[in-house]
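Working through the structure, step by step
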Amino acid sequence: MAVAPPVTPDGRYIVVRGRLWRRANPNLPEAERQAHVAALMQARRAVRAALGAGDAAALKAARADVDAAKVALGERGPVWWEDSEDLNRHMVRNTRYADWFAGVKGTPAGTVASRTET
């Protein structure tokens, strides 16, 4: 079983291998969130199929569907919080979360093995 990655105190990001990744908007209604996650999983399967088939047009469409699902979840696109600061993909050690992360148990050298959140 994968270990859940640490979540920043403000709930905006998870930390994977020392890097911040934007979380899905926790304010989405559960049914809506589930629908977006299902669309994301379908789009990821379509990416895999297109890669396997060598179909460039299908790959482009599938990747656009992945992006659309991630935007709908709040992981990409406009931020879902009040201020507009977005540190997505920044190394946590170079952000205001550095001191917090240094104190997170079980994260030697600021690393976490796997990403479990969509």
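Above this text sits the structure in question.
Residues numbered from 1 in each chain as written. Predicted model: local features only at pLDDT ≥ 70, side-chain atom pairs only at ≥ 80, totals over all residues. Heavy atoms only, no water.

Describing the overall build of the protein chain
Scanning the protein chain from terminus to terminus reveals three helices and two strands. Looking at the protein chain residue by residue over its 118 residues, the buried ones come to 36%. Considering only contacts in the protein chain between residues 6 or more positions apart, those separated by 24 or more positions represent 68%. Accessible surface, the protein chain: about 7,200 Å² in total, of which carbon and sulfur atoms supply 55%. (Helix = DSSP H or I, 4+ residues; strand = E, 2+ residues; numbered from the N terminus. Buried < 20%, exposed > 50% of the residue type's maximum accessible area, 1.4 Å probe, protein only. Contact = heavy atoms within 4.5 Å. Areas by Shrake-Rupley, 256 points an atom, 1.4 Å probe, with all protein chains shown as cover.)

Digging into the nonpolar core
Ala24, Leu28, Val37, Leu40, Ala43, Val47, Ala50, Leu59, Ala62, Val66, Ala69 and Leu73 form the largest nonpolar core, which has 12 residues in total. Of all the secondary structure elements, the ones that give two or more residues to this core are helix H1 (30–53) and helix H2 (56–73). Membership of the second largest hydrophobic core comes to 10 residues, among which are Trp80, Trp81, Val92 and Phe101. (Core = buried A, V, L, I, M, F, W, Y, C linked by side-chain atoms within 4.5 Å.)

Looking at the packing of aromatic side chains
Applying the stated criterion across every chain yields a total of four aromatic pairs. Considering the side-chain rings of Trp100 and Phe101, the 5.8 Å spacing of their centres and the 40° angle between planes classify their relative orientation as tilted. The exposure class assigned to Phe101 is buried, which follows from its relative accessible area of 5%. Through a chain of ring-to-ring contacts, the aromatic side chains of Tyr13, Trp80, Trp81 and Tyr97 assemble into a single cluster. (Phe/Tyr/Trp six-rings, centres within 6.5 Å; stacked < 30°, edge-to-face > 60°.)

So, the pattern of salt bridges
A complete count under the given rule lists nine salt bridges for this structure. Between Asp10 and Arg12 there is a salt bridge; the shortest N-O distance is 3.6 Å. Accessibility expressed as a relative area gives 10% for Arg12, which makes it buried. Three or more residues are tied together by salt bridges with common partners; here these are Asp10, Arg12, Asp83, Glu85 and Arg96. (Salt bridge = Lys/Arg side-chain N within 4 Å of Asp/Glu carboxyl O.)

Thoughts on the pairing of strand S1 (residues 13–16)
Of the two faces of S1, the one holding Tyr13 and Val15 and the one holding Ile14 and Val16 are both buried throughout. Sheet topology note: the S1/strand S2 (residues 19–22) ladder contains four bridges and is antiparallel. Paired with Val16 across the strands is Arg19, a residue of S2. Here S1 folds back onto S2 in antiparallel fashion, the turn holding two residues, of which Arg17 has a positive phi close to 50°. (Pairing = 2+ DSSP bridges.)

Looking at H2
The first and last C-alpha atoms of H2 sit 26 Å apart over 18 residues, in line with the 26 Å expected at 1.5 Å per residue. Of the positions making up H2, those classed as buried are Leu59, Ala62, Val66, Ala69, Lys70 and Leu73. Looking down the long axis of H2, one finds its buried residues gathered within 95° of arc, a one-sided arrangement. Across H2 from its buried face, at more than 90 degrees, point the exposed residues Ala56, Ala57 and Lys60. Where H2 is buried, its residues contact H1. Regarding H2, its N-cap is Asp55, as a side-chain oxygen of that residue lies 3.2 Å from the backbone nitrogen of Ala57 further along. (Expected span 1.5 Å × (residues − 1). Arc of directions from axis to C-beta. Polar contact = N/O pair within 3.5 Å; in protein donor to acceptor, adjacent residues only side chain to side chain.)

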